[in-house]
Amino acid sequence: MSIEGSFNPKDIEQDLYAEWEQANYFAPSGNGPSYCIMIPPPNITGSLHMGHAFNQTLMDTLIRYQRMAGKRTLWQMGTDHAGIATQMLVERKLLADGVSRHDIGREAFTEKVWEWRKESGGTISQQIRRMGSSLDWSRERFTMDEGFSRAVREVFVRLFDEGLIYRGQRLVNWDPRLRSAISDLEVENHDENGHLWHFRYPLKDRKTTDGKDYLVVATTRPETMLGDTAVAVHPEDERYKDLIGATVVLPLVGREIPVIADDYVDPEFGSGCVKITPAHDFNDYEMGKRHDLPMVNVLNPDATMHESVPEAFRGLDRYEARKAVVAALESEHRLDTIEPHKLKVPRGDRSGEVIEPYLTDQWFVRTGPLAEPAIEAVEDGRIEFIPKQFENTYFAWMRNIQDWCISRQQWWGHRIPAWYDADGNVYVGRSEAEVREKHSLAEAVALTEEEDVLETWFSSALWTFGTLGWPEETEELSQFHPTDVLITGHDIIFFWVARMIMMTMHFTGEIPFKKVYIHGLVRDALGNKMSKTKGNGLDPLDFIEGVELEELVAKRTNNLTQPQMAPRIEKSTRKDFPEGITSYGTDALRFTFCAMATLGRDVRFDVKRIEGYRNFCNKLWNATRFVLQNTDGHDISGESTPSLVDRWVLSKLRGTLAEARLALETYRFDLYASAIYEFAWHEYCDWYVELTKPLLWNEEATPEELTGTRRTLLEALEILLRAAHPVMPFITETLWRDVAPMLGKATSSIMIEAYPEPADLAEDTEAETAVEWLKGVIVGVRNIRGEANIKPSQSVSLLLQGGDASDRLLADTTDALLRRMAKIDDIQWLEADDEPPANALALVGDLKVMVPLAGLIDVGAEKERLSKEIDKLDKDIKRLEGKLGNDSFVAKAPEAVVQKERDKLSDATGKRDALKVQLAAL
RNA sequence: GGGCGCUUAGCUCAGUUGGGAGAGCGACGGCCUUACAAGCCGUAGGUCGCAGGUUCGACCCCUGCAGCGCCCA
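Here the structure is a predicted model, which means the values were calculated and not measured.

About the criteria used
- Within any chain, residue numbers begin from 1 and follow the written order of that chain's sequence.
- Ligands are numbered from 1 and chains lettered from A, in the order in which they are written.
- Whole-chain, interface and lining totals are the exception, using all residues; otherwise, since this is a predicted model, local features are given only for residues with pLDDT of at least 70 and side-chain atom pairs are given and counted only at 80 or more.
- Heavy atoms from the whole structure form the basis of all side-chain values; hydrogens and water molecules are not counted.
- Should DSSP find at least two bridges between two strands, the strands are regarded as paired.
- We count a stretch as a helix when DSSP gives it H or I for four or more residues in a row; a strand needs E for two or more, and each element gets its number in order from the N terminus.
- The axes are straight lines fitted to the C-alpha atoms, using for helices just the contacting stretch, and the angles between their N-to-C directions are given from 0 to 180°.
- To sort the angles, those under 35 degrees are grouped as roughly parallel, those over 145 as roughly antiparallel, those from 65 to 115 as roughly perpendicular, and the leftovers as oblique.
- In what follows, a contact means two residues having at least one pair of non-hydrogen atoms within 4.5 Å.
- Side-chain classes are defined by residue name, with Ala, Val, Leu, Ile, Met, Phe, Trp, Tyr, Cys and Pro counting as nonpolar, Asp, Glu, Lys and Arg as charged, and the others, Gly among them, as polar.
- Here a cavity is any set of points on a 1 Å grid over the protein atoms alone where a 1.4 Å probe fits but cannot get out, and a pocket is any open set with protein on both sides within 12 Å along at least 5 of 7 lines; a residue lines the site when it has an atom within 4 Å of a point.
- Grid points are joined across faces, edges and corners, and a volume is the space filled by probe spheres set on the points.
- Under the pairing criterion, centres of Phe, Tyr and Trp rings, with the six-membered ring standing for Trp, must be within 6.5 Å; the plane angle then separates stacked pairs below 30 degrees from edge-to-face pairs above 60, leaving the rest tilted.
- We call a residue buried when its accessible area falls under 20% of the maximum for its residue type, exposed when it is over 50%, and partly exposed in between, using a 1.4 Å probe and counting protein chains only.
- For a Lys NZ or an Arg CZ to count as sitting over a ring, it must be within 6 Å of the ring centre and within 35 degrees of the ring normal.

Caption draft 1: Quick peek at the sheet that holds strand β17 (residues 418-420). In spatial order, the strands read β18-β17-β19; together these 3 strands make up an open sheet with antiparallel pairing. Since the sheet does not close on itself, it has two edges, and those belong to β18 (426-428) and β19 (448-449), each with one partner. With 3 bridges connecting them, β17 and β18 associate as antiparallel partners. In the strand pairing of β18, Tyr420 is matched with Val426.

Caption draft 2: Main features of the packing of helix α19 (residues 586-596) against helix α24 (residues 729-739). In the contact formed by α19 and α24, the axes pass within 7 Å of each other and the chain directions differ by 125°. Here α24 runs oblique to α19, going by the angle between their axes. In this structure, α19 uses Thr586, Asp587 and Arg590 to contact α24, whose residues at the interface are Pro729, Phe730 and Ile731. When the residues that make up the contact of α19 with α24 are grouped by side-chain class, the tally is 3 nonpolar, 1 polar and 2 charged.

Caption draft 3: Up close: the layout of surface pockets. A volume near 1,300 Å³ is recorded for the second largest pocket. Those elements that place two or more of their residues in the lining of the second largest pocket are β6 (187-202), β7 (214-219), β11 (273-276), α7 (282-291), α8 (318-331), β12 (335-348) and β13 (356-365). When residues in the lining of the second largest pocket are grouped by element, the largest group, 8 residues, is from β6. Among the residues forming the lining of the second largest pocket, the class breakdown is 17 nonpolar, 15 polar and 13 charged.

Caption draft 4: Spotlight on the packing of aromatic side chains. By the definition in use, this model includes 36 aromatic pairs. Taking the centre distance of 5.3 Å and the plane angle of 40° together, the rings of Phe385 and Tyr394 count as tilted. When sorted by exposure, Phe385 lands in the same class as Tyr394, which is buried. Members of the aromatic cluster, joined through ring pairs, are Phe54, Phe543, Tyr584, Phe593 and Phe605. Sitting over the ring of Phe142, Arg117 keeps its end group 3.8 Å from the ring centre. If you follow Arg399 out to its NZ or CZ, it ends over the ring of Phe395, 4.3 Å from the centre.

Caption draft 5: Structural view of unusual backbone geometry. Look at the link from Ile386 to Pro387: it is a cis peptide, with omega at -5°. Within the element layout of this structure, Pro387 appears in the loop between β14 (384-386) and α10 (390-398). Of the consecutive residues Trp470 and Pro471, the connecting peptide bond is found in the cis state with omega at 5°. In this structure, Asp205 takes a positive phi of about 60° despite not being glycine. Take Asp205: it is sitting in the loop between β6 and β7. The class of Asp205 is exposed, set by a relative accessible area of 70%. Within the chain, Ala303 stands out as a residue other than glycine whose phi angle is a positive 70°.

Caption draft 6: Focus on the pairing of strand β8 (residues 230-233). In β8, alternate side chains face the same way, and those of Ala230 and Ala232 on one face and Val231 and Val233 on the other are all buried. As paired strands, β8 and β11 are joined by 4 bridges and run antiparallel to one another. Residue pairing across strands places Val231 opposite Lys275, the latter belonging to β11. By the bridge criterion, 3 bridges tie β8 to strand β10 (residues 256-261) in an arrangement that is parallel. Across the sheet, the residue bridging to Val231 is Val259, located in β10.

Here it is as structure tokens:
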């Protein structure tokens, strides 16, 4: 027996994982039906955060369950090249040595990135192993490995050939810091304080109805006025109707631009006149197209002013230009008013930089045709979101989907497989050679490869089939695709889930997964989003391994983008974790996540919770110690006579198994966790183990009885460990390896054992009834003892009266148990007409359970206890009488419901009356 | 502005066809009882956000309102 002392996760988790991995237990095996989950590939730049830990706990729980349940499981591992994030990281590293990526050039730079990946890209893989995640590492993929790259090229070329990818000049979201286009989804709009500037644009040879020779236009972005190509008014606006078609002279520039009419203009906003800058605003762009306006670009890629603007502004940064434009207009008396204004400012989700709508040549996916079948698949239920309401989110976005800008002006990523000739003609193909052949281009024709790369989500969209070998028709594809369930956060439904559905259906004709389980975000104890800047981030590894306070403070305050936050972060950290964080272990962390995984809700991570589940681990540990102490060295192979409680615990366990399986099949991880917790602690430990002691320590017990109980202690525990293994793999494995051999089990690991089924155990209503009766009597006596402050060491006598033959029989069979569990030294039955001595009373059905006062019990306290009980019953009775006195209730409610209420009433009345008699007798 | 969600014990949250309001933590009282003080036994605590409606009956269904949160524009 190796289980000793108390539960110490550090002692047991270290080696088990390596052993499992070495034994190849994570790879698909067996001939069962296949079951597959694809990991949302973590970024190679990433380190494990609470979101990963949560996400993976759920996946691993499912995979381990399904594996044990006989499925041929594949949990596919892989990482994402994370284009922008990785490039930024490596660039920063180079810059620290004073080198920019432009200094060394594209080829050398990407070489550096590969080097970095080799050295540091594996961090997260090691951390994932600490979570116990049973991923198939042997098939690990990377979104830029050779096979995956081939799939990406293949998809691009086919989409292009089908006319679903096109290249063109469009207004896109431009990140001036990255100097790249980004997609709509990568733009975050936040309210910020700004100003609304009102300018006077002179009318050429015209006057307004109120006699002015100018129009007032308002803007939040003065610098863009240099690119104005029209002023728009609402067609029905009486003030300006006559001026439609008139000409305005653009100040500072001198360009003559028309006054146009468009429904889009809100006459209520500002003056009702709007300046139109088609090259720098999405709405203006659309209006420009409608009215065939010229597009004047005024910005360079780094958001300095373009040479198309008047000389005074050229080369200025956009914000300097803003001041300069305002100043210049003011000096020309063209500035009307300035007012404070709240506006939505678009920022890049990676860089934080203010995004510019910018006119550039980019590659786009025509999403309409791809979206249609993807919408249908969810509508007809082939793909199901859990919880269901996320389908609305999905539909809303998909039904209004815009073309997808997929090109990025970056170096790290999948290079777009396109080539240009000297005339700017573009050729798309899997390789330059293929392009030349396809288009009969002689060697003499010079071709330049496209510089742009694909955005990362383009390749992630191919994840479910790309990892399984597509475009080859592999064994894996036919076996594991479509995958069974995707488990992910709601933040990437559009980024990833929707695009996967579109791409997968288009290229494989199959859905990528049957279910999408959407979980919430992990927040801190106060419900705040965890962030580095706020310094409230929690590291899952700190909960697993523990961390000293000083180290935690250092971790949270190092490398802050806003170093001025450090003192505040330090203070709150010292307050929240005065002792640092102790080691709770992986199992406790996983159990916490499971228990908190309720549908459609974010998770507030509270240390108190994980502490409770660490205690639960300790409870299991000690229960196992008890079982082993009482079984080790005993031969349990012989004849056995299971006791009533033996039969009871197995019957209860049967119910727990049914609950656990149902919960897991319906993704109710919380219910699964609580079924395990409830049985293990409150049935097995609190009652069963205690109820075995009288027999185990009874010198007169027969060998058959002892064997029956010893067997059952082991059997129930062994089954419980298997049932709990998916959520707490390490402790269950450790304990199981000591428990299972006692039962003659020979396999080497719990993780390849069968998941227990309710059918493995017998339902035993007789035993359940009996033990529930016994518990009732024990609790009754305990209540009396507790309320009367009778010391636990003090034995009491017990008087029983009333009830029927079954009460007598039950009391008889459970005599020894009763005596021990309620510390009773003497039990006597009174006849119906016997007058009991002064006593404290508890009722179990019709049975009176009495503890004689005999100087033990404070009469006052007992009277108070009885009165309280009577009050409670009176309330119930009143409510029940009211209900049953209501004719329409009796007439309209189902008979069973009415009968139930009647039974409750007679129960309560009987009980109340008995207690009243008792109270009077005291 | 549109959509979705949340509001239940001091705190964090369950409550699955509408029919006796639950758990964990915390609080209080008592226990070093030969697995476990990371434990054991017991107790207290809720007009289920507010106002209407449907129903014999509403935490649950409908409407409106308030507060909070998220997504989209």
